[in-house]
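# Inside the fold
Single-letter residue listing:
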Amino acid sequence: MTKYILNRLFHSTLVMFTISFIVFFIMFKAGDPVELMLPPDATQQDVVEMRAALGLDKSFIVQYQKFLSNVAEGNLGNSFIYGQPALDIVFERLPATMELAVIAMIVSILLGIPLGIISSIKPNSILSRIIMFFSLAGISVPVFWTGMILVLIFSVILGVLPSSGRGEVYLFTSAFTWDGIKHLIMPVITLSVFQLALILRLTRTGMMEVLMQDYIKLASAKGVPRKVIVYYHALKNTLIPLITVIGIQFGQLVAFTIVTETIFAWPGTGKLIIDSIQNLDRPIVVAYLLVISFIFVAINFIVDVLYTFIDPRVRV
Amino acid sequence: MALLEVNNLKTHFFTRNGVVKSVDGISFSIEKGEILGIVGESGAGKSITGFSMLGLIDSPGKIVEGEILFDGVDLAQKSEEYLQKIRGNEIAMIFQDPQTSLNPVISIGEQLMEAILYHNKKASKKEAYKASVDILKLVGLPAAEKRMSSYPHQLSGGMKQRIVIAMALLNNPKLLIADEPTTALDVTIQAQILYLMKKLSKDFESSLILITHDIAVVSQLCDKIAVMYAGRIVEYGKKEDIIFNPKHPYTKGLIECLPKLDDNKERLYQIPGIMPSLLGLPKGCYFKDRCEYADGECDVYPPEQEIDGRRIFCHKAK
Amino acid sequence: MKLFKNELLIEYFEDKLAVVGLFVFTLLCIFALAPAIFSPQNPYDLAQLFLENSFQGPNQNFLLGTDEQGRDILSAIMYGLRVSLYVGLASTILSVIIGFSLGLISGYYGGWVDTIIMRIADIQLSFPAILIALIIMALWGAGIGKIIIAITIVNWVYYARTARGVVLSEKEKDYAQSAKALGMRNFAIIFREIMPNVTAPIIVIATVRIANAIILEATLSFLGLGVPITEPSLGSLIANGYQVLFSGYWWTSVFPGIILMVLIISINLIGDRTRDIMNPRLKR
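Along each chain, numbering runs from 1 in the same order as the chain's sequence is written. For naming, the first written chain is A and the first written ligand is 1, with later ones following in the order written. Per-residue local features are limited, in this predicted model, to residues with pLDDT of at least 70; the limit for side-chain atom pairs, both in listing and counting, is 80 or more; totals at the level of whole chains, interfaces and linings are taken over all residues. For the side-chain quantities, the full set of heavy atoms in the structure was used; hydrogens and water were omitted.

All names here are of chain B. Side chains Ile91 and Met93 project from strand E6 (residues 91-94) onto one buried face, and the interleaved Ala92 and Ile94 project onto a second face that is buried too. Note: two strands are recorded as paired if DSSP finds a minimum of 2 bridges between them. Helix and strand definitions follow DSSP, with helices as H or I runs of at least four residues and strands as E runs of at least two, each counted in order from the N terminus. Of the strand pairs in this sheet, E6 and strand E7 (residues 175-179) are connected by 4 bridges, and their pairing is parallel. Bridging from a neighbouring strand, Ile94 pairs with Ala178 of E7. Accessible area is worked out with a 1.4 Å probe on protein chains only. A residue is then buried under 20% of its type maximum, exposed over 50%, and partly exposed in between.

Here the focus is the packing of aromatic side chains. By convention, a stacked pair of Phe, Tyr or Trp rings (six-membered ring in the case of Trp) has centres within 6.5 Å and planes under 30 degrees apart, an edge-to-face pair has planes over 60 apart, and any other such pair is tilted. Summed over the entire model, instances satisfying the criterion amount to 23 aromatic pairs over all chains. Between Phe25(A) and Phe60(A), the ring centres sit 6.0 Å apart and the planes meet at 80°, which makes this aromatic pair edge-to-face. Of the two residues, Phe25(A) sits in helix H1 (residues 2-29) while Phe60(A) sits in helix H4 (residues 60-73), which places them 35 residues apart along the sequence. Each member of the aromatic cluster is reached from another via a ring pair, and the members are Phe21(A), Phe24(A), Phe25(A), Phe60(A), Tyr64(A) and Phe67(A). Put simply, a charge is over a ring when the Lys NZ or the Arg CZ is close to the ring centre, within 6 Å, and near the line of the ring normal, within 35 degrees. For the cation-ring pair, Lys78(B) lies above Tyr82(B), with the distance from its terminal atom to the ring centre recorded as 4.8 Å.

Soluble globular proteins: nonpolar side chains tend toward being buried together. Definition of nonpolar core: a set of buried residues of the types Ala, Val, Leu, Ile, Met, Phe, Trp, Tyr and Cys, connected through side-chain atoms within 4.5 Å. Membership of the largest hydrophobic core comes to 137 residues, with the highest contact counts inside it found for Phe144(A), Leu131(C) and Leu134(C). Among the elements that make up this core, the one with the highest residue count is helix H10 (residues 226-264) of chain A (15 residues). Contacts are residue-level and defined by heavy atoms, with any inter-residue pair within 4.5 Å sufficient. Not counting residues up to four positions away in its chain, the partners in contact with Leu131(C) are Ala255(A), Ile258(A), Tyr288(A), Ile292(A) and Phe296(A). Leu54(B), Leu176(B), Ala226(B) and Ile243(B) belong to the second-largest nonpolar core, a separate cluster that totals 99 residues.

Turning our eyes to something else, we now look at the packing of helix H6 (residues 126-140) of chain A against helix H11 (residues 251-278) of chain C. Angles shown run from 0 to 180 degrees and are taken between the N-to-C directions of axes, each axis being a line fitted to C-alpha atoms and, for helices, limited to the stretch in contact. Direction vectors running N to C along H6(A) and H11(C) enclose 120°, while the axes themselves pass 9 Å from each other. Looking at the two axes, H6(A) sits oblique to H11(C). Along this stretch, H6(A) crosses H11(C), giving a crossing that reads as right-handed. Counted together, Leu136(A), Ala137(A), Ile139(A) and Ser140(A) of H6(A) and Ile264(C), Ile265(C), Asn268(C), Leu269(C) and Asp272(C) of H11(C) form the full contact between these two elements. Broken down by class, the residue content of the contact of H6(A) with H11(C) amounts to 6 nonpolar, 2 polar and 1 charged. When an angle is under 35 degrees it counts as roughly parallel; over 145 it counts as roughly antiparallel; between 65 and 115 it counts as roughly perpendicular; any other value is oblique. Here a crossing is called left-handed whenever its near helix is offset anticlockwise from the far helix by less than a right angle, and right-handed whenever the offset is clockwise. In the scheme used here, Gly and all other residues not listed as nonpolar or charged are polar, with Ala, Val, Leu, Ile, Met, Phe, Trp, Tyr, Cys and Pro taken as nonpolar and Asp, Glu, Lys and Arg as charged.

The next point concerns helix H6 (residues 129-140) of chain C. Residue and element names in this part refer to chain C. To estimate the expected span of a helix, count its residues, drop one, and scale the result by 1.5 Å. Over its 12 residues, H6 runs 17 Å from end to end, which matches the ideal 16 Å to within 8%, given 1.5 Å per residue. Taken together, the buried positions of H6 are Ala129, Ile130, Leu131, Ile132, Ala133, Leu134, Ile135, Ile136 and Met137. Immediately beyond the C-terminal end of H6, within one or two residues, lies Gly141, with a positive phi of roughly 85°.

Residue Pro60(B) is reached from Ser59(B) by a cis peptide bond, and omega for that bond is 10°. Tracing the backbone shows Pro60(B) in the loop between helix H1 (46-53) and strand E4 (61-70). In this structure, Ala265(A) is a non-glycine residue whose phi angle is positive, near 45°. As for its position among the elements, Ala265(A) is in the loop between H10 and helix H11 (269-278). We note that Asn8(B) has phi near 50°; this positive angle belongs to a residue other than glycine. One can find Asn8(B) in strand E1 (residues 4-15). Using a relative accessible area of 32% as the deciding quantity, one classes Asn8(B) as partly exposed.

Many authors give the size of an interface as the accessible area that is lost as the parts come together. With 21 residues of chain A in contact, the opposing surface of chain B contributes 27 residues. Defined here as a combined quantity, buried area equals the accessible surface (1.4 Å probe) lost by two parts on assembly, summed across both. Both sides of the chain A and chain B interface together cover about 2300 Å² of buried area, and 61% of this is carbon and sulfur. Looking at the side of chain A facing chain B, the largest losses of area belong to Lys217(A), Leu218(A) and Lys222(A), adding up to 29% of the total buried there. When a carboxyl oxygen of Asp or Glu lies within 4 Å of a side-chain nitrogen of Lys or Arg, that pair is called a salt bridge. Counting every contact that joins chain A to chain B gives 2 salt bridges. Between Lys217(A) and Asp58(B) there is a salt bridge; the shortest N-O distance is 4.0 Å. A 3.5 Å cut-off defines polar contacts: any pair of N or O atoms within that distance qualifies, except that in protein one atom must be a possible hydrogen donor and the other a possible acceptor, and neighbouring residues in sequence count only when both atoms are side-chain atoms. For the interface between chain A and chain B, the tally reads 12 residue pairs in polar contact (both at pLDDT 80 or more). Going through the elements one at a time, helix H9 (214-221) and H10 of chain A are the ones with two or more residues in the side of chain A that touches chain B.

Residues and elements named next belong to chain B. Reading across from one edge, E2-E1-E4-E5 is the order of the 4 strands in this open sheet, with antiparallel pairing throughout. Every interior strand has two partners, whereas the edge strands, strand E2 (18-30) and strand E5 (73-74), have only one. Examined bridge by bridge, E1 and E4 share 8 bridges and lie antiparallel to one another. Among the inter-strand pairings, Val6 is bridged to a residue of E4, identified as Ile68. Here H1 sits on the sheet in contact with E1, E2 and E4, set at roughly 110° to E1.

What follows deals with the interface of chain C and chain A. On the chain A side, the residues contacting the 40 residues of chain C number 44 residues. Between chain C and chain A, the buried area comes to about 3700 Å², and carbon and sulfur atoms account for 80% of it. Across the contact surface, chain C and chain A share 1 salt bridge. Across the pair Asp272(C) and Arg201(A) runs a salt bridge whose closest N-O atoms are separated by 2.7 Å. Taken together, chain C and chain A are joined by 3 residue pairs in polar contact (both at pLDDT 80 or more). Of all the elements in the fold, those that place two or more residues in the side of chain C that touches chain A are helix H5 (111-125), H6, helix H9 (186-222), helix H10 (234-242) and H11 of chain C. Among the elements that line the side of chain C that touches chain A, the one with the most residues is H11(C), at 11 residues. Taken together, the residues of the side of chain C that touches chain A break down into 30 nonpolar, 6 polar and 4 charged.

Printed below as a string of structure tokens:
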């Protein structure tokens, strides 16, 4: 067990290194930031001095080493726009993003799995067909389109929900205040629709396959009640592989906060990255990519380890 | 009164391509402690017959006609709730492939114990545990206590089949249905499992329905034999009569097919052709296209006859 | 073989929703193929645009209204549909070719080739496609060719994995082994024997991924990182319209959005049905 965890840990570290390299390589190739950093009337002399001061005149390898040691110290440079350390800005915005992603994930799981089970038990019933049609629509609707339609209906036409901002924040989340909840509703729905539909469909397919297995029939032949067979025997087999999917999908959710936050002017990292890309604020982009990558790698690691505890077949 | 009496049972599947009459009007009965063998090729409707006894026919299949009198009660008319109390309790079943018969993510112990706990609400977990360990010992599983916490993937096929058998015997059923219980096992283990089942059904005073394609197995274990072909029983009677004096050309063929050690024939006998698709059955006797005795008379499905103490459906049998 | 294919077709037509999906998709494709024939105006010919027509709601002259330049939304949709479909199809074809080849090579040769290709795939799969595409587009800037390549870069992995998986299982089967024993050259074995078995799953995935590619393009365009403003796709039309949504000019974004949604749903209906037909395990 320990060996396996260490192995995964090593693998995760390796992936993180690769990512840091790719991110650095992209920035290296993206060209010289100095001209952006200096005022327009700077002389050629200023440019050369600035480049030397930032170490940009050194070779790729040397610069990469410098970059890594900076990362280790948590120093990713100051934002060109905000003038503060880039990492601080990203961390400051992170709770708002995580709040959206976590709540959307919870909503998707709590609705997606039960609806998936219902539609798998009697796949040809009218209820199942309705659920399946909506789930098809769910995976077909682009995130930004859902967000827009919600804004149009609830903000522009009905005027009942606020179209932007995070509302009143208590502790670390807006989920604890009425004003905050009102601000959360539309972004969370926007973010959840696709995930919900996906989890629903995966649950349904998994359940349908499992319910055809011999061991389900044998459980019936043993006289185990149908409810127990569906909600325990079959569900357990279906949910185990779903854990991996949910882990990966959480990463998707975090990524799609970029779209949601842009539409709802949500003050999280997603809005930050789009603004920073437009403003060519390179330190923020680098900090964002590294932090988000770390989150993804960490989730993958946790899911891998969790899986071995939950699935008896891979228990080491 | 017979323990189980099946009368004119019909189980049909309503598929897109037409009605598949997997079981089409079969009748047989089994006394207490008796062993009945149901023999036939795959697709003859043997397994569906077994599942019909327990009401385990999945959509689009349905029992459309007939009686399944178990202790005088017609199971074909009973509700799902009633059948659930019968299943695994009074009638238990053993499946063909032990590799797929056990739930891969639930421990062996739990799978055994639930068979007791859902039928005997008064039993405590402790009692169920003890009973499960005892039965594992009885089927000859080594290190029974340790196996309780094992998962299926940790065991061999033979061990799993012993567990499946143990599971079926837990509640001391009156009737045991074994669907090709040894087909998926190594030859060396097959005999062990078969004799274990015979011994246990005698010890437990259970009746046994043994479903198999292997007439050799039937000839060793059974008291009675029903030969099925394309959803119908073609010959049914006492083992001695059927094995030593088969009357139906199909039964004769099956027995001819068996290799004999004292026989130096170069090739084994084969029944020519294959069983017709259940969606494209010929008019008249279903076997006529493969039968060397068939003539114009066989264009009508043969009526039931009693010949030499057996029930038979053949115009040519005397 | 002929009969077999016909049977599959007949089975496809047994599902009414899938037939509707196919019909709608075909219709949209026709509009997209030749928008000049069907559209009331050429929305990119400035000589045909009149500012006095700007922001008209849906009416007799402009069925779906106009935008701020007096451009007919219906015509813009037909041209935008063409861009969206082009990006979706082109990127899918490219990713199939690349992913399929890499997957075949990876699965057939194994060893370090396999390790490298699959490691890259693994790392890439642990990242959301949209994030990777977003970064690529942020570096390169908008452009139709660029977005096709960006989508190809994120999508080849799915085909590579599938192709590899099938090759690995087929490789063990008797015919591949005997072909090898008969001394057929390596590549001949791959293409002649294994290819037909890989195509079915690839087709199924490709159908679903076309829809994904179109959504990805639309999303990037919505964020301003997709196709250039001069050749708007459905996504960029929606983005344009979104800017004036609060002023009440809802038709500029809602209609392109509806068409996008209908397009994706129709493709997914086709994809679902294709998968059901080709997956014998779920059949009864």
